[in-house]
Amino acid sequence: MEHGTDIHTDLALINQWAKTDLIADQVYTFTVRLCDNEVDRDYERFDGACLEELGRLFLGKCGIFDHQWSAAGQTARIYRTEVVREEAVTTAAGDGYCWLKGWAYLLRTEKNADLIAEIEGGIKKEVSVGCSMGRGVCSICGAEDGCCGHVKGQEYEGRLCFRELREPLDAYEWSFVAVPAQRRAGILKRFGAERDEERVLRKEAELGRKYLGGLRREVVRLAMLADEGLDGAAFARAVGQIGEADLLELRKSFEGRVARLFPAVPQLRERPVGGATDRGEDFLV
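These numbers were taken from a predicted model, which means no experiment stands behind them.

**Student:** Provide a residue-level description of the nonpolar core, including the pertinent values.
**Tutor:** In terms of nonpolar packing, the biggest core is built from 28 residues, with F30, L34, F46 and W174 touching the most fellow members. When residues of this core are traced back to their parent elements, those giving at least two are strand 1 (27-36), helix 2 (51-58), strand 4 (76-90), strand 5 (96-107), helix 3 (113-120), strand 6 (127-138) and strand 9 (163-176). Counting residues per element, this core draws most heavily on strand 1, which supplies five residues. In terms of nonpolar packing, the next biggest core, distinct from the first, is built from eleven residues, V219, L222, F235 and F254 among them.

**Student:** Please give an account of helix 5 (residues 232-239) that cites residues and values.
**Tutor:** For an α-helix the count is 3.6 residues per turn, leaving residues at separations of three or four pointing the same way. Taken together, the buried positions of helix 5 are occupied by G232, F235 and V239. Projected down its long axis, helix 5 carries its buried residues within an arc of 65°, all on one side. Sitting at the amino-terminal end of helix 5 is D231, which places a side-chain oxygen 3.2 Å from the backbone nitrogen of A233.

**Student:** Got a sec to walk through helix 1 (residues 7-14)? Specific residues and values, please.
**Tutor:** Within the span of helix 1, buried status applies to D10, L11 and I14. Down the axis of helix 1, the sector holding all buried residues measures 100°, keeping them to one side. Of the surrounding secondary structure, the elements contacted by the buried residues of helix 1 are strand 1, strand 4 and strand 5.

**Student:** Summarise the packing of aromatic side chains; cite the residues concerned and give the values.
**Tutor:** Evaluated as defined, the whole model comprises six aromatic pairs. Between F30 and W174, the ring centres sit 6.3 Å apart and the planes meet at 65°, which makes this aromatic pair edge-to-face. Of this pair, F30 sits in strand 1 while W174 sits in strand 9; the two residues are 144 residues apart in sequence, bridging distant segments of the chain. Here F30 matches W174 in class, with each residue buried. Linked through ring pairs, Y28, F30, F65, W174 and F176 together constitute an aromatic cluster. For R80, the ring lying beneath its charged end belongs to W103, and the centroid distance is 3.9 Å.

**Student:** I'd like a rundown of the side chain of S175, residues and numbers included.
**Tutor:** On the secondary structure map, S175 appears in strand 9. S175 sits in the buried class, given a relative accessible area of 0%. Side chain to side chain, S175 and E173 meet in a polar contact 2.8 Å long. Setting aside anything within four residues of it in sequence, one finds S175 in contact with I64, F65, D66, H67, E126, V127 and S128.

**Student:** Which residues make up the pattern of salt bridges, and what values go with them?
**Tutor:** Summed over the entire model, instances satisfying the criterion amount to twelve salt bridges. Between E144 and R135 there is a salt bridge whose closest N-O contact spans 2.6 Å. Residue classification places E144 among the partly exposed residues on the basis of a relative accessible area of 29%. Each member of the salt-bridge network shares a partner with another, and the members are R45, D95, E164 and R166.

**Student:** Residue-level account of the pairing of strand 6, with values.
**Tutor:** By the criterion of burial, strand 6 is predominantly enclosed, with nine of the twelve residues buried. Examined bridge by bridge, strand 6 and strand 9 share eleven bridges and lie antiparallel to one another. The residue of strand 9 that forms the bridge with V137 is E164.

**Student:** Summarise the environment of R166; cite the residues concerned and give the values.
**Tutor:** Examined against the element boundaries, R166 turns out to sit in strand 9. The exposure class of R166 is partly exposed, given its relative accessible area of 24%. Here the alpha-carbon distance between R166 and G136, two residues 30 residues apart in the chain, equals 6.1 Å. R166 has contacts with D47, M133, G134, R135 and V137, leaving out every residue within four places of it along the chain.

**Student:** Outline the side chain of N112, supporting the account with residue identities and numerical values.
**Tutor:** With respect to the secondary-structure elements, N112 resides in the loop between strand 5 and helix 3. Among the residues examined, N112 registers a relative accessible area of 12% and is labelled buried. From its side chain, N112 meets the backbone oxygen of L107 in a polar contact 2.8 Å long. When sequence neighbours within four positions are dropped, the list of residues in contact with N112 reads L106 and L107.

**Student:** A description of the pairing of strand 1 should follow, citing residues and the corresponding values.
**Tutor:** Most of strand 1 is tucked away: ten of the ten residues are buried. As judged from the nine bridges shared by strand 1 and strand 5, these two strands associate in the antiparallel manner. Bridging from a neighbouring strand, V32 pairs with G102 of strand 5.

Scoring rules and cut-offs
Residues numbered from 1 in each chain as written. Predicted model: local features only at pLDDT ≥ 70, side-chain atom pairs only at ≥ 80, totals over all residues. Heavy atoms only, no water. Core = buried A, V, L, I, M, F, W, Y, C linked by side-chain atoms within 4.5 Å. Buried < 20%, exposed > 50% of the residue type's maximum accessible area, 1.4 Å probe, protein only. Helix = DSSP H or I, 4+ residues; strand = E, 2+ residues; numbered from the N terminus. Arc of directions from axis to C-beta. Polar contact = N/O pair within 3.5 Å; in protein donor to acceptor, adjacent residues only side chain to side chain. Contact = heavy atoms within 4.5 Å. Phe/Tyr/Trp six-rings, centres within 6.5 Å; stacked < 30°, edge-to-face > 60°. Lys NZ or Arg CZ within 6 Å of the ring centre and 35° of its normal. Salt bridge = Lys/Arg side-chain N within 4 Å of Asp/Glu carboxyl O. Pairing = 2+ DSSP bridges.

Okay, here's the thing in structure tokens:
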């Protein structure tokens, strides 16, 4: 979990989106600047008033890569949002700066280990959002949906022309991208070094996951030896939901079945009493 947060509160929010209750060492959390009310590279900006509604719409939305809508690309999920206001900072439109902060989680799995490392190392950082807006208003004249002759990015009597996006209808996803439209959008730094006790707990949790992973693979191997017709993939998925105690019982049961199916053959043959044998049939050690 992220340092400086209430673990129990965050887990309660996370588990609203999980099918089974997760515990702290099963999840990795991070914060992300989803969007703000500054004029972006496309000379558009979100109306500051709509960020609150966008925050509600982004709850539960998944993070993907490059806006490619594929289930295989789902990586993380937003479980909490908050609009942060920095009134001392002024936008290009002349009002106070504000931005939408999101808390996201992903599972600590072998598959996600590289992604977590890239997030921690600042490689995966920039993000972009996909959403639907009800209105787009010209900053110069207030005309909607580009019905006027003003051109985005041009200045008119010292005023920058941009399109102000209002009345959000839906939020689809947020993506890791190389170049986001909004210059400041991206993953936020996590402040504070990992404490010694947290490091020990994390390493112990990693060892526990490796142990359970090895135990599950062994149970699947034994089960497939015991039953040639077993669907290994389906059984592996089922075993993935089983705890240590049941895994140990299954391993013991399958070991007994495999031992009966494939009894051990002695390497040394017993010599008949008083009889001669052909040395070529002996196993010499």
